[in-house]
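Residue strings, one per chain:
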Amino acid sequence: MPRVWTDGVVAIRRQEPADLAAHLEAVDVEQMRWLWEPGDPQRYLAMSPQEQRAHQRRHLEHSHDTFGSGPKWAFSVDTAADRYVAYVDCDLANDHVPLGEANISYACAPQHRGKGYTSRAVRLVCEFLRRETSAREAHILVDPDNVASLRVARAIAAVETETFVNERGLTMIRHVLVLNRAAP
Ligand SMILES: CC(C)(COP(=O)(O)OP(=O)(O)OC[C@H]1O[C@@H](n2cnc3c(N)ncnc32)[C@H](O)[C@@H]1OP(=O)(O)O)[C@@H](O)C(=O)NCCC(=O)NCCS
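Now for a description of the structure that goes with this document. Not measured: the values here are computed from a predicted model.

### Section: the pairing of strand β5 (residues 102-108)
Here's step 1: Burial of β5 is extensive: seven of the seven residues sit out of reach of the surface.
Here's step 2: Here β5 shows a buried face lined by Ala-102, Ile-104, Tyr-106 and Cys-108 and a second buried face lined by Asn-103, Ser-105 and Ala-107.
Here's step 3: The sheet contact formed by strand β4 (residues 86-91) and β5 spans six bridges and is antiparallel. Bridge pairing in β5 places Asp-91 opposite Asn-103.
Here's step 4: In the sheet, β5 pairs with strand β6 (residues 137-142) via two bridges, with the strands oriented parallel. Counted as the bridge partner of Asn-103 is His-139 from β6.
Here's step 5: Read as a crossover between parallel neighbours, the route from β5 over helix α5 (residues 117-132) to β6 is right-handed.

Written out as structure tokens, the structure reads:
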């Protein structure tokens, strides 16, 4: 399996514990609001800086150690100038997606938003899915109020297929991209 996938502007690669400083800096209220589980922001904000550091280090170590056979792959996104401008993952065992199909999730560091990095990284993850897995679809689930994330789904030409209410009572819009593979 290649170690890095790139389009010439961004590159996606396995997460590393060395991403810790950038990972800590990238956490903001937007990320907590749209990506974190209920109660997690409060628990995180109640931690001391040392505890937050240890918590995020464990998270990165877990991402690093489980990158391989799947079913989930978490990537850091680099540019030529900066390491870890964004985070993208794909998960083939997500409760909201048919088993074997991919759920894609992402966050961009606040200072790097609006530069197209996340859309580029998601396209690379789709390429990874085509080449390295048997997933046939990539799903992106977005809250209708999350305008920036809706734009990412549209930017990669994922098609809105349904609106549903999840187990937390939140309305979500499902976007699906069919992962066409070239004929052999
Ligand atoms: C959602 C998020 C990852 C987008 O990252 P990003 O790197 O800024 O996205 P991109 O630069 O690739 O932008 C893609 C498109 O969205 C548009 N866009 C980005 N942020 C926007 C905003 N706040 N409002 C309106 N449009 C926005 C861009 O202009 C671009 O449009 P285009 O395709 O017409 O050129 C980022 O806002 C974020 O980290 N949010 C918090 C975490 C989150 O919500 N994750 C998704 C959970 S489903």
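### A short note on unusual backbone geometry
Here's step 1: Cis geometry marks the peptide bond from Gly-70 to Pro-71; its omega dihedral reads 10 degrees.
Here's step 2: With respect to the helices, strands and loops of the structure, Pro-71 is situated in the loop between α4 (49-66) and β3 (72-79).
Here's step 3: Backbone geometry places Ala-157, a non-glycine residue, at a positive phi of 65 degrees.
Here's step 4: Locating Ala-157 in the fold gives a position in the loop between α6 (147-155) and β7 (159-165).

### Some thoughts on the pattern of salt bridges
Here's step 1: In total, this model carries 14 salt bridges according to the counting rule given.
Here's step 2: Among the salt bridges present, the one from Arg-83 reaches Asp-78, with a minimum N-O distance of 3.5 Å.
Here's step 3: Notably, a salt bridge pairs Glu-127 with Arg-131, separated by 2.8 Å at the nearest N-O pair. Of this pair, Glu-127 and Arg-131 both sit in helix α5, four residues apart, which is roughly one turn of that helix.
Here's step 4: For Glu-127, a relative accessible area of 27% puts it in the partly exposed group.
Here's step 5: Looking at Arg-131, the relative accessible area reads 60%, which means it is exposed.

Conventions we followed
- Residues numbered from 1 in each chain as written.
- Predicted model: local features only at pLDDT ≥ 70, side-chain atom pairs only at ≥ 80, totals over all residues.
- Heavy atoms only, no water.
- Buried < 20%, exposed > 50% of the residue type's maximum accessible area, 1.4 Å probe, protein only.
- Helix = DSSP H or I, 4+ residues; strand = E, 2+ residues; numbered from the N terminus.
- Pairing = 2+ DSSP bridges.
- Right-handed = clockwise from strand over helix to strand, strands pointing away.
- Salt bridge = Lys/Arg side-chain N within 4 Å of Asp/Glu carboxyl O.

Remember, this is a structural readout, not a statement about activity or role.
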